[in-house]
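Below are the chains, spelled out letter by letter.
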Amino acid sequence: MPSFYIVKVRLNDTEIAPNPRVISVAACLPFECTQKDISTIAMHAEVASETRALEILEVKIGLKEPYDFWNDFVFQLVLAATIFVAFLVILGTSYDLFLAQRYAKKCKATSNTNSESSSGIGCTTYDLSNASPDKKNSAIGISIPTGVNNNNSDEHLAIEQLSDAEDKMSIFEELILSFSVISNWRTISDKSVGGDTISCIHGMRALSMLWIILGHTCIILAKYADNMDYRRYVETIFAFQFIANGAYSVDTFFFISGFLVSFIYFRSNAKGKLEKLSKGLNEFSAGTLHFFGLLAYRFVRLTVPYLYMLGVVAVVMRYLQHESVFDMPANDAENCPKYWWRNIFYINTLFPVKDMCMLWSWYLANDTQFYIIGAIILIVAVKHFKIAAGTVFIFLCSAWATTTYIAFSNGHMPHSDDPFALFDKIYDKPWTRLGPYFIGMAVGWILFKTNCQIKFTRMQVYAGWTATGAIMFGLVFGLYNVELSPLVAAFYSSFSHSLWALAHAWITIACSTGYGGVIDNMLSAPIIYPFSRVTYCAYLVHPMVIRYFTLTSDIPMHLGSGTIITFFGQAIISYLLAFALSLAFEAPVVTALRILSTRQKHRVS
């Protein structure tokens, strides 16, 4: 009975390739063969080779026993969570349909009774999760603004007040209905935004997510490509700089996060929503209550879908480790069961990358750490603005100085190094990525303070858009065929991410104050809103889609014109799964938190 084996060798033949190349050779040999047997056979093949210098690196024994899902405890947990949530979704959706039918019958009976009366009661159906504020009445106070998070939409901060004539439900009924696919889908696909929303943020978020998917697609495909020389050629093309510098898309996310946290917090405080929570408490106690309230909301809202995906990643990567003919891109199969707690506490970026589970989760860890710092500063800023502003300035200067020192001492050259060079020292560390977040917080305060009513002259508008375009184009394409000195390269590594955030600062201010023009129309297009609202889940899901597609293939990838088609296919699949994950985990949690924090009654749909 034959089995499958893989021999990884280094080819040192300058006649074939100018640089040494690592290749994998597959072999079908008897099932009884051991790793030592395969090494011996490979060594004899090396000796027999007269023209090629081969160096054996590793022998991988192929699949001898299939991966046993049922004996994997992580799989059992993921399966149990899936079944439990599926039950709640079915229950919530069924109950929503039942209430809608009952309410429709009631409305029909009421309409027939009052059909001859001009003052009869009209019948209207309402969405449980998508009620809008009543402009004639003050909004109901909320303990935690639903928009204060890093990726979810920032609308629906208040729910319309209910009349005494409407049916009210218990908290239990509302929690069951929070799992209704119907209500949650209406919220996600809603083409309107709340009054506290800067609509261009949706476009920034959605476009940045596509940029991230494109970058990760190219990285994974290139790792498993059979035409590496073509990759080296492509990397010299001017247009490839758009992919090589895709890391700026993450800075857009950091900017948006800081902006939303600041803008919504100040607006919520100005409306007196936060004061209701701390009535009768001293300043320190009130601030402490606000801080832990904000932190608890964010932790629950982010961690539920995140924890589920941690389990999925561990299971899928173990399966691929058994089934794939390729080496794994990361050691998630071992790291996730061992170090998952680092992810849950959002401290995984403080440890070596070789021990990281879900490598792309570094962004969530940094963003949460920034959120903790930012929340404290915002709470202080309400009563002591100068102290808070000074703290932000100190943090910014410290981050810039630290990044400059690390980049210079390690000889980092952003124009020639791999984009992920010094990942452990520069790329994923919070003290090197802090700038865009605090710049976003500053913009949020500016727009709150001015109530989005800033006047610019025509010349200022032209200058602002020209500078923004120049900065963004320069950062993405400006290092093409450019040589930097070590000191200039260090300064570039330090300030480039903050410059990117400053460009988005102008876009946000211009679009929110009426100077956005065509750019604002594109970024604020309602068709983008649903995709923006599931960005968080898309970020969690898409790397596994790319990995699964690549690692389940029985042949290497081939780089070429088809790469862009692959990107579109993986983006579509990623968003389909993101919508499913959001409907099952994210949206119900957000709705349930709103119900529990406000104890407000929703209208029956």
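See the structure printed just above.
Quick summary incoming for the structure in this document. Residue numbers here run from 1 along each chain, matching the order of that chain's written sequence. Totals for whole chains, interfaces and linings use all residues, but because this is a predicted model, local features are given only for residues with pLDDT of at least 70 and pairs of side-chain atoms are given and counted only at 80 or more. Hydrogens are left out, water is left out, and the side-chain values use all remaining heavy atoms of the structure.

Quick look at the overall build of the protein
- In DSSP terms, a helix is any run of H or I states spanning at least four residues, a strand is any run of E spanning at least two, and both are numbered starting from the N terminus. Of regular secondary structure, the protein possesses 20 helices and three strands.
- Here the term buried applies to any residue with accessible area under 20% of the maximum for its type, exposed to any over 50%, and partly exposed to those in between, with areas from a 1.4 Å probe on protein chains only. The burial tally for the protein puts 50% of its 605 residues in the buried class.
- In the protein, the share of contacts with a sequence separation of at least 24, taken over all contacts with a separation of at least 6, comes to 82%.
- Exposure was quantified through the Shrake-Rupley algorithm and a 1.4 Å probe, taking into account, for residues, occlusion by the shown protein chains and nothing else. Of the roughly 28,700 Å² of accessible surface on the protein, 66% is carried by carbon and sulfur atoms. Only heavy atoms enter the contact rule, under which two residues are in contact if any of them lie within 4.5 Å.

Topic: helix α15 (residues 458-477)
- Its 20 residues place the ends of α15 28 Å apart at the C-alpha level, agreeing with the 28 Å of an ideal helix rising 1.5 Å per residue.
- Residues V461, G464, T468, L475, V476 and F477 constitute the buried set of α15.
- Where the residues of α15 are buried, they touch α5 (200-223), α7 (241-244), α8 (248-270) and α16 (486-512). An expected span of 1.5 Å times one less than the residue number is assigned to each helix.

Structural notes on the packing of α5 against helix α19 (residues 535-551)
- The contact between α5 and α19 brings their axes to 10 Å, and the two run at 20°. Taken together, the axis directions place α5 and α19 in an arrangement best described as roughly parallel. Here the hand of the crossing between α5 and α19 comes out right-handed. Along its contact with α5, which presents R205, M209, I212, I213, H216, T217, I220 and L221, the element α19 presents T535, A538, Y539, H542, P543, I546, F549 and T550.
- The class makeup of the residues in the contact of α5 with α19 is 10 nonpolar, five polar and one charged. The axes are straight lines fitted to the C-alpha atoms, using for helices just the contacting stretch, and the angles between their N-to-C directions are given from 0 to 180°. An angle below 35 degrees is read as roughly parallel, one above 145 as roughly antiparallel, one from 65 to 115 as roughly perpendicular, and any other as oblique. If you view the pair so one helix is near and one far, a crossing is left-handed when the near helix is turned anticlockwise from the far one by less than a right angle, and right-handed when it is turned clockwise. Residues are grouped as follows: nonpolar covers Ala, Val, Leu, Ile, Met, Phe, Trp, Tyr, Cys and Pro; charged covers Asp, Glu, Lys and Arg; every other residue, Gly included, is treated as polar.

Side note on the packing of helix α11 (residues 362-383) against helix α12 (residues 385-409)
- Running from N to C, α11 and α12 cross one another at 150°; their axes reach a closest spacing of 6 Å. Between α11 and α12, the crossing angle belongs to the class labelled roughly antiparallel. For the pair α11 and α12, contact is made by I373, I377, V380, A381 and K383 and by F385, I387, A388, T391, V392 and F395, respectively.

A look at the packing of aromatic side chains
- Only Phe, Tyr and Trp rings take part, Trp by its six-membered ring, and two of them pair if their centres are within 6.5 Å. Stacked means planes under 30 degrees apart, edge-to-face means over 60, and tilted covers everything else. Counted according to the given criterion, the structure contains 41 aromatic pairs.
- Clustering of aromatic rings is evident, with ring pairs tying together F253, F254, W362, Y363, F370, F395, F423, Y427, Y437, F438 and Y539.
- Its guanidinium or amino end placed over the ring of Y224, K223 lies 5.8 Å from that ring's centre, counting from NZ or CZ.
- Taking NZ or CZ as reference, R342 lies 3.7 Å from the ring centre of F351, over its face. Here, a charge over a ring means that NZ of Lys or CZ of Arg falls within 6 Å of the ring centre while also lying within 35 degrees of the ring normal.

Focus on the pattern of salt bridges
- Salt-bridge detection follows one rule: a side-chain nitrogen of Lys or Arg within 4 Å of a carboxyl oxygen of Asp or Glu. Counted under the stated rule, the structure contains eight salt bridges.
- E586 is the partner of R301 in a salt bridge, and the nearest nitrogen-oxygen pair spans 2.7 Å. With R301 in helix α9 (residues 283-323) and E586 in helix α20 (residues 562-598), this pair connects stretches of sequence that are 285 residues apart. Here R301 and E586 have matching classes, each one buried.
- A cluster of three or more residues bridged by salt bridges with shared partners is formed by D424, D428 and K429.

Here we look at α16
- Over its 27 residues, α16 runs 40 Å from end to end, which matches the ideal 39 Å to within 8%, given 1.5 Å per residue.
- Two axes define the bend at a residue: one fitted to the seven residues ending there, one fitted to the seven starting there, and the bend is the angle between them. Along its length, α16 shows its largest kink, about 40°, at F495.
- The buried count for α16 comes to 20 of 27 residues, which makes it a mostly enclosed element.
- A positive backbone phi angle near 95° is found at G514, which sits one or two residues after α16.

Some words on the side chain of T403
- You can see T403 is positioned in helix α12.
- Residue classification places T403 among the buried positions, given a relative accessible area of 1%.
- A distance of 2.8 Å separates the side chain of T403 from the backbone oxygen of A399, its partner in a polar contact.
- Once you skip the residues sitting within four places of it in the chain, T403 turns out to touch W431, T432, S493 and S494. In the analysis that follows, any N or O atom pair within 3.5 Å is treated as a polar contact, provided that within protein one partner can donate a hydrogen and the other can accept it, and provided that, for residues neighboring in sequence, both atoms belong to side chains.

Quick word on the state of the cysteines
- Note that a disulfide, as used here, is simply two cysteine sulfur atoms within 2.5 Å. On inspection of all chains with the given rule, the structure shows one disulfide.
- C511 takes part in no disulfide bond, and the closest cysteine sulfur, belonging to C200, lies 4.4 Å away.
- Owing to a relative accessible area of 8%, C511 belongs among the buried residues under this scheme.

Things to note about a nonpolar patch on the surface
- Only residues whose relative accessible area exceeds 30% and that form no salt bridge enter a patch; like-charged residues are grouped when within 9 Å of one another, and nonpolar side chains (Val, Leu, Ile, Met, Phe, Trp, Tyr) when within 5 Å. Together, F408, L487, F491, F495, L499 and L502 give the surface a local cluster of nonpolar side chains, amounting to about 540 Å² of exposed area.
- Here the nonpolar patch takes five residues from α16, the largest share from any one element.

Concerning the pairing of strand β1 (residues 2-11)
- Burial analysis of β1 places seven of its 10 residues in the buried class, which makes it a mostly covered element.
- Here, any two strands with at least 2 DSSP bridges between them count as paired. Here β1 pairs with strand β2 (residues 21-30) via 10 bridges, running antiparallel. Paired with V7 across the two strands is V25, which belongs to β2.

With respect to the side chain of R533
- Mapped onto the secondary structure, R533 falls in helix α18 (residues 529-533).
- Classification of R533 as buried rests on a relative accessible area of 2%.
- A polar contact is formed between the side chain of R533 and the backbone oxygen of D190, at a distance of 2.5 Å.

Topic: unusual backbone geometry
- Positive phi, close to 60°, is recorded for Y346, a residue that is not glycine.
- Looking at where Y346 falls in the secondary structure, it is placed in the loop between α10 (332-344) and α11.

Section: the environment of I6
- Within the secondary structure, I6 is located in strand β1.
- The exposure class assigned to I6 is buried, which follows from its relative accessible area of 9%.
- Linking I6 and K60, residues 54 residues apart in sequence, is a C-alpha distance of 5.0 Å.
- With residues near it in sequence (within four places) discarded, I6 still touches S24, V25, E58, V59, K60 and V325.

Some words on the environment of T93
- Checked against the element boundaries, T93 lands in helix α2 (residues 73-113).
- Given a relative accessible area of 15%, T93 falls into the buried group.
- With 87 residues separating them in the primary sequence, T93 and S180 have C-alpha atoms 4.0 Å apart.
- Not counting residues up to four positions away in its chain, the partners in contact with T93 are F179, S180, V181 and I182.
- At 2.7 Å, the side chain of T93 forms a polar contact with the backbone oxygen of V89.

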